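Listed below, chain by chain, are the residues.
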Amino acid sequence: MRTSLAAVRVLVGTAIRVDPPRAVLVLTLTPLINILAGGQPIGIQWMVDGATGRQLGQAVAGALLLVVITIAAHQITSVATDLRLVLEQRVALEFDRRLITVCAGRAHIDHFQDAEFLDAAELVRQRRGQLGGALSAFVENVNLMARFVGSAGLLALANPVLALLPLFVVPLAFAIRWQSRLVSTAEQAGAETDRLRRSMFSLATDPAAARELRLYRLSGEIGARHRAAFAAASGPREAARLKGALAVAAGWLLYSIGLVSGLFLVARAVIDGTASAGQAVLVVLLGTRLVIATTGLGWLFGWLRRTLDTIGLYLRLVRYAEDADESRETDRPSRGDLVLHGVSFSYPGRPVPALGPIDLRLPAGSTVAVVGDNGAGKSTLVALLAGLYPPSSGSITLAGRNLADTPPQLWRRDIAACFQDFCRFEFSAGETVGVGDLTKLGDPDAVAGALAAAGAADVVAGLPSGVDTQLGRTLPGGTDLSAGQWQKLALARARMRTEPALVLLDEPAASLDPDSEAELLRRLLAAGPTRAVITVIVSHRFTTVREADLIVLLDKGELVEVGTHAELIARDGRYAHMYALHAAAYTSAAEGEVAAGMHSDLVVDPRQVALHGADGDVQAAGDLPVGQSAAGQ
Ligand SMILES: Nc1ncnc2c1ncn2[C@@H]1O[C@H](COP(=O)(O)OP(=O)(O)OP(=O)(O)O)[C@@H](O)[C@H]1O
């Protein structure tokens with residue numbers, strides 16, 4: 001109840017804040033319509049009494065009252081509905097705005113590890129459309145309640161015994177509510193299978209899955225799982241609907257008994273001459289209104305409850321909101337060595353730290369390569385350096401200053417980064433790069449400079465409208481890119497910041513071809529120690545790693561070795577072993593050796609694989625002597 005009241009407060013408060021005149025009009029016109037509507041049955045009563053009692057004046061007054069009230073109520077309802085629809089959209093937009101701020105505006109991203117936040121965020125994402133509609137649900141419920149109270153009051157005035165009639169509605173109201181609860185509980189119980197059904201449908205229609213669905217002939221399997229999920233959820237729902245419908249039918253029966261008894265009383269009073277025919281008509285009209293209001297409330301109350309629940313979820317999310325960052329430019333840390341003092345980090349719910357505790361100095365101006373097996377903690381280290389998570393223990397200092405004393409938003413202004421799971425912003429190509437520095441978003445020279453610095457100019461040059469090409473496949477006319485091209489644009493985005501203190505590159509060459517990777521490395525090293533920039537590069541490629549000034553080897557979150565390539569090779573430890581394995585694989589590939597067991601008995605006839613181009617024969621692997629690959633030439 002308290003949550004519902006808080007939700008109503010938030011709803012009405014938001015409506016008044018986003019559009020005060022409309023909100024005030026909607027909230028005042030609604031009761032006005034109900035007060036007016038209350039006069040309609042009275043007008044009809046006057047008309048009937050005037051006609052049966054041969055009182056022309058009373059009949060005309062009744063007709064006039066009815067016509068004026070009906071027209072006025074109709075006009076005001078149509079104005080109020082228009083106002084309400086616009087207000088509803090503005091309220092929905094405001095909720096969206098606040099949700100974006102809560103989810104994307106926090107300094108750290110640890111809320112994405114919090115199960116309560118994730119559950120609430122998922123539900124709000126699904127039901128976000130209800131947030132604007134909550135206003136209509138609220139207004140309609142208030143409407144019906146006013147109608148119910150008004151009709152009950154007029155009935156009591158007509159005949160005190162009829163004040164009992166609303167009591168006959170109560171079982172019906174409970175039955176409708178019970179039915180709505182039963183259905184809603186059955187729906188919630190089937191929510192997981194619903195999610196599964198939706199996910200099967202998305203899978204079947206998602207272009208990302210299109211290749212594997214065909215390759216493994218999964219369309220029938222996905223269809224069967226989709227149907228099974230539907231069947232699992234629909235059985236209990238139908239049973240709940242049937243049970244509820246029986247209860248509602250019983251409620252109607254009881255109310256009919258009450259209404260018929262009331263009408264019998266009035267009919268007798270008319271025959272006895274203690275009531276007029278107009279009063280009998282009034283009772284019929286009010287009795288009908290009463291039940292319409294009740295059934296409406298029964299159904300609409302469920303709508304209101306659902307929308308208020310969604311606002312309750314929204315309120316749970318809003319608790320994660322942070323105050324706007326008001327740090328000043330002078331709070332910005334100066335450049336220098338970046339030092340980790342006993343830093344450790346554990347993801348929520350994971351007992352073992354993903355990283356540390358580690359002590360490490362990253363000298364100003366150095367290029368530091370971070371290596372290690374999958375899950376060693378490399379990306380976690382990058383996230384900590386980017387201030388995305390606060391360390392669980394220990395501290396990180398820059399030029400002797402603890403970064404915990406600097407708002408992460410401010411520290412991040414001095415960071416250029418390309419994360420392992422970089423974002424594919426579906427903007428124009430120029431904007432996809434330009435958002436790396438919003439102050440230069442519309443500056444074509446800055447974008448061109450960043451593209452050139454990242455070796456990504458070729459990606460944009462190949463697009464139909466250059467930097468103006470709309471990227472992505474979700475938008476009409478959007479152009480999709482290859483994984484490597486998206487990665488090049490992400491690298492260019494990082495280069496929009498021309499004076500960073502720290503450059504973070506997590507697997508920056510994972511999707512790049514060897515030429516692009518070599519070019520990236522050349523540019524990185526060229527940018528080197530002349531500026532006090534620390535470059536941290538996570539890589540599994542030792543051709544990149546060995547060029548770094550410092551190599552950091554992590555294993556299961558622990559710092560295992562630190563040093564230059566030469567030092568670590570001389571130490572003949574873990575790094576030297578990894579490097580030797582990598583070099584051996586590289587050498588055998590370069591020499592065209594076929595690893596033992598890999599189709600060594602396969603004999604290929606070169607004439608069967610020769611290619612023919614439009615201009616005639618094309619030199620093909622088949623022109624090479626058998627047993628020697630192109631790489632070995
Ligand atoms: N969001 C997360 N929630 C919980 N645990 C996580 C999360 N991200 C990573 N981990 C865990 O933290 C550990 C370190 O992961 P991290 O991503 O830092 O490894 P990595 O060295 O970057 O691996 P890879 O080379 O595969 O990218 C792993 O055990 C991983 O399972």
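About the cut-offs
Residues numbered from 1 in each chain as written. Predicted model: local features only at pLDDT ≥ 70, side-chain atom pairs only at ≥ 80, totals over all residues. Heavy atoms only, no water. UniProt positions renumbered as here; feature names shortened; annotations may be inferred. Helix = DSSP H or I, 4+ residues; strand = E, 2+ residues; numbered from the N terminus. Expected span 1.5 Å × (residues − 1). Buried < 20%, exposed > 50% of the residue type's maximum accessible area, 1.4 Å probe, protein only. Pairing = 2+ DSSP bridges. Axes fitted to C-alpha atoms, helices over the stretch in contact; angles between N-to-C directions. Parallel < 35°, antiparallel > 145°, perpendicular 65-115°, else oblique. Left-handed = near helix turned anticlockwise from the far one by under 90°. Contact = heavy atoms within 4.5 Å. Domains from an automatic or database assignment. Buried area = accessible area lost by both parts, 1.4 Å probe. Salt bridge = Lys/Arg side-chain N within 4 Å of Asp/Glu carboxyl O. 1 Å grid on protein atoms, 1.4 Å probe; cavity = no way out; pocket = protein on both sides within 12 Å on 5 of 7 lines; lining within 4 Å. Points joined across faces, edges and corners; volume = space filled by probe spheres on them. Nonpolar A, V, L, I, M, F, W, Y, C, P; charged D, E, K, R; others polar. Near = heavy atom within 4 Å. Polar contact = N/O pair within 3.5 Å; in protein donor to acceptor, adjacent residues only side chain to side chain. Areas by Shrake-Rupley, 256 points an atom, 1.4 Å probe, with all protein chains shown as cover. Phe/Tyr/Trp six-rings, centres within 6.5 Å; stacked < 30°, edge-to-face > 60°.

In the nomenclature of an unreviewed UniProt entry, the protein is known as ATP-binding cassette subfamily B protein of Kutzneria buriramensis. UniProt, in the comment section headed Subcellular location (unreviewed entry), describes the protein in these words: "Cell membrane".

**Describing helix 6 (residues 165-189)**
An ideal rise of 1.5 Å per residue puts 36 Å on 25 residues; helix 6 measures up with 37 Å between its terminal C-alpha atoms. Among the residues making up helix 6, those that are buried are Leu 165, Pro 166, Val 169, Leu 172, Ala 175, Ile 176, Gln 179, Ser 180, Leu 182, Val 183, Ser 184 and Ala 186.

**Notes on the sheet that holds strand 4 (residues 393-398)**
In space, the four strands of this open sheet follow the order 2-1-4-5, with antiparallel pairing throughout. Both edges of this open sheet fall to strand 2 (355-362) and strand 5 (401-402), since each of them pairs with a single strand only. With two bridges connecting them, strand 4 and strand 5 associate as antiparallel partners. What sits directly across from Leu 398, in strand 5, is Arg 401.

**Focus: the packing of helix 2 (residues 20-52) against helix 5 (residues 129-158)**
Direction vectors running N to C along helix 2 and helix 5 enclose 30°, while the axes themselves pass 10 Å from each other. Taken together, the axes of helix 2 and helix 5 lie roughly parallel to each other. At the point where helix 2 passes helix 5, the crossing takes the right-handed sense. In contact with Val 26, Leu 27, Thr 30, Asn 34, Ala 37, Gly 38 and Ile 42 of helix 2, helix 5 contributes Phe 138, Val 139, Asn 143, Ala 146, Arg 147 and Leu 154.

**Things to note about the domain arrangement of the protein**
Domain annotation of the protein identifies domain 1 (2-318), domain 2 (338-563) and domain 3 (576-623). With eight residues of domain 1 at the contact, the number on the domain 2 side is 10 residues. At the boundary of domain 1 with domain 2, total buried surface from both sides reaches about 780 Å², with 62% on carbon and sulfur atoms. Considering only the side of domain 1, the residues that lose the most area to domain 2 are Ala 107, His 108 and Gln 113, jointly responsible for 60% of the buried surface there. In this structure, the connection of domain 1 to domain 2 is made through zero salt bridges.

**Points about the sheet that holds strand 10 (residues 558-563)**
Where strands meet in a sheet, backbone hydrogen bonds hold them as pairs that are either parallel or antiparallel. In spatial order, the strands read 6-7-8-3-9-10; together these six strands make up an open sheet with mixed pairing. The sheet is open, and its two edges are formed by strand 6 (415-418) and strand 10, each paired on a single side. When the angles between neighbouring strand axes are averaged without regard to direction, this sheet yields 15°. Looking at chain direction, strand 9 (residues 550-555) and strand 10 are connected through five bridges and run antiparallel.

**Thoughts on empty space enclosed by the protein**
Considering all chains together, one arrives at two cavities of 30 Å³ or more under this definition. In this structure, the largest cavity occupies an estimated 50 Å³ of space. Along its surface, the largest cavity is lined by 11 residues, and Pro 508, Ala 509, Leu 520, Ile 537 and Thr 544 are the ones closest to its centre. Residue contributions to the lining of the largest cavity peak at four residues, all from helix 17 (residues 514-527). Looking at the lining of the largest cavity residue by residue, the classes come out as seven nonpolar, two polar and two charged.

**Topic: the pattern of salt bridges**
Per the counting criterion, the structure on display carries 13 salt bridges. With its nearest N and O atoms 3.1 Å apart, the salt bridge here joins Asp 373 to Arg 574. Placement of the pair is Asp 373 in the loop between strand 3 (367-371) and helix 11 (378-385) and Arg 574 in helix 20 (residues 574-590), with a sequence separation of 201 residues. For Glu 547, the salt bridge is made with Arg 546, and the minimal N-O distance between the two is 3.8 Å. Owing to a relative accessible area of 38%, Glu 547 belongs among the partly exposed residues under this scheme. Several salt bridges converge on common partners, so that one network encompasses Asp 19, Arg 22 and Arg 90.

**A closer look at the site of the ligand**
Surveying the vicinity of the ligand reveals 14 residues, the closest of which are Gly 375, Gly 377, Lys 378, Ser 379 and Thr 380. Separating an oxygen atom of the ligand from a backbone N or O atom of Ala 376 is a distance of 3.0 Å. Here an oxygen atom of the ligand and a side-chain polar atom of Lys 378 are 2.8 Å apart. Isolated, the ligand exposes 630 Å² of accessible area, and the fraction of that covered by the protein chains is 69%.

**Observations regarding the packing of aromatic side chains**
Aromatic ring pairs are described here by two measures, namely the spacing of the ring centres and the angle between the planes. A full pass over the atoms with the stated rule returns 10 aromatic pairs. Ring geometry for Phe 542 and Tyr 575: centres 5.6 Å apart, planes at 50°, overall tilted. Here Tyr 575 lies in helix 20 and Phe 542 lies in helix 18 (residues 542-545), a separation of 33 residues in the sequence. With respect to class, Phe 542 is no different from Tyr 575; both count as buried. Arranged with centres 6.2 Å apart and planes meeting at 20°, the rings of Tyr 575 and Tyr 579 form a pair that is stacked. Separated by four residues within a single helix, Tyr 575 and Tyr 579 lie in helix 20, roughly one turn from each other. Across this residue pair, the class does not change: Tyr 575 and Tyr 579 are buried. An aromatic cluster is present here, built from Phe 112, Phe 117 and Tyr 320 joined pairwise through their rings.

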